[in-house]
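# Descriptive analysis of the structure
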Amino acid sequence: MNTEIKIFVPATVANVSCGFDVLGFALDTVGDEMMIRKVSQKGIKITKIIGQDLPLETHKNVAGVAALALLAKTDTNFGFEIEIIKNIKPGSGIGSSAASSAGAVWGINKLLEGRFNTTELVQFAMEGEKLASGVAHADNVAPALFGGFTLIRSYNPLDIIKIPTPNELMATIIHPQIEIKTADARKLLKENISLKEATKQWANVGGLISGLYSNNYNLIGRSLQDYVAEPVRSTLIPGFNDVKKTCIDAGALGCGISGSGPSIFALSKGEKTALKVAEAMKAVYDKIGIEYDIHISKVNKQGIKILDIK
Ligand code: HSE
């Protein structure tokens, strides 16, 4: 039995415009690193967090809470220590809390020789999401754990479908340096939407899924429209409409809010266009005078990766 594992846990883009709370995909070049060690003392201990100021107390830390949810389903007489190198900024909209939650349960499960299946791991990781945002949504933890694009077809019972990713699909993400808490961004949403809007929304979900299966880049682009969250949440992101317009002009297939924001994502066919889109996004924030991080990444089809195991 292995006793120590070091992993890369990807950042993720949730919602993907039309799929509020049900669609997401994982990134390849942005993510956290986590070390998980089996120890004789029972329970979960977060020993170190590098890069961000986050609570070490197990019950206050999303990784701790998710790991405890998993441990509660075992009868092990040992425990685990977790160390996190936090590269994904909390409140950035690219699945920071999801990465910690997903990484903790995935790593522990590896050291438990794969006792739980991936859907069960999603269920545990959702406890971390509940702590972070008040709602146990799975659209970030599912792509982190499964890789690629995922669809949460049902929450109860949990039914997750992994969707294929066209090879040339690239994501460009800009993170303007403002913080939006998911809990706050959720409070803005309307309780009800009209039948007319709902019809357009589910038509686009169908279009996006169909485009991903059939490598139809144009259809993917046409389907990246959101009538639920974007109209209200975009008001929290300075320059959002300009970024969206300039991305499309630069050749992006489509553009929208990443998760609950403030990050904005665009999908493109090919790296050349993704780079052009990055320049277009940067120009908007350079003009407004807001600092940003920018990421260009393939879609990560594999999910969490092992960096070292002993
Ligand atoms: N689906 C969630 C939301 C994702 O939009 O609130 C949060 O990252």
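As the structure is a prediction and not an experimental result, all values here were calculated from the model.

## A look at unusual backbone geometry
The omega angle of the peptide bond from Asn156 to Pro157 is 5 degrees, so this bond is cis rather than trans. Summarising the element assignment, Pro157 is placed in the loop between β5 (149-155) and β6 (158-163). Residues Gly261 and Pro262 are joined by a peptide bond in cis, for which omega reads 5 degrees. The residue Pro262 is located in the loop between β8 (254-257) and β9 (264-269) in this model. If you check the backbone angles, Asn15 has positive phi at about 80 degrees while not being a glycine. For Asn15, the position within the fold is in the loop between β1 (4-14) and β2 (23-39). Under the relative-accessibility criterion, Asn15 is labelled buried at 6%. Not every positive phi belongs to a glycine, and Asn215 is a case in point at roughly 55 degrees.

## Overview of the sheet that holds β8
The antiparallel open sheet is built from four strands, whose spatial order is β8-β9-β7-β10. Each end of this open sheet is capped by a strand with a single partner; those strands are β8 and β10 (292-298). Geometrically, the sheet is characterised by an average inter-axis angle of 20 degrees between neighbouring strands, direction not taken into account. As paired strands, strand β7 (residues 169-176) and β9 are joined by six bridges and run antiparallel to one another. Bridge pairing in β9 links Leu169 to Lys269. Each of β7, β9 and β10 touches helix α10 (residues 271-288); the most contacted strand, β7, lies at about 15 degrees to it.

## A closer look at helix α9 (residues 240-249)
Listed as buried for α9 are Phe240, Val243 and Cys247. End-on, the buried residues of α9 take up no more than an arc of 60 degrees, which puts them together on one face. Residues of α9 that are exposed and point over 90 degrees away from its buried face: Asn241, Lys245 and Asp249. Where α9 is buried, its residues touch α8 (230-233), β8, β9 and α10. At the C-terminal side of α9, Gly251 shows a positive phi close to 110 degrees.

The rules we used
Residues numbered from 1 in each chain as written. Predicted model: local features only at pLDDT ≥ 70, side-chain atom pairs only at ≥ 80, totals over all residues. Heavy atoms only, no water. Helix = DSSP H or I, 4+ residues; strand = E, 2+ residues; numbered from the N terminus. Buried < 20%, exposed > 50% of the residue type's maximum accessible area, 1.4 Å probe, protein only. Pairing = 2+ DSSP bridges. Axes fitted to C-alpha atoms, helices over the stretch in contact; angles between N-to-C directions. Contact = heavy atoms within 4.5 Å. Arc of directions from axis to C-beta.

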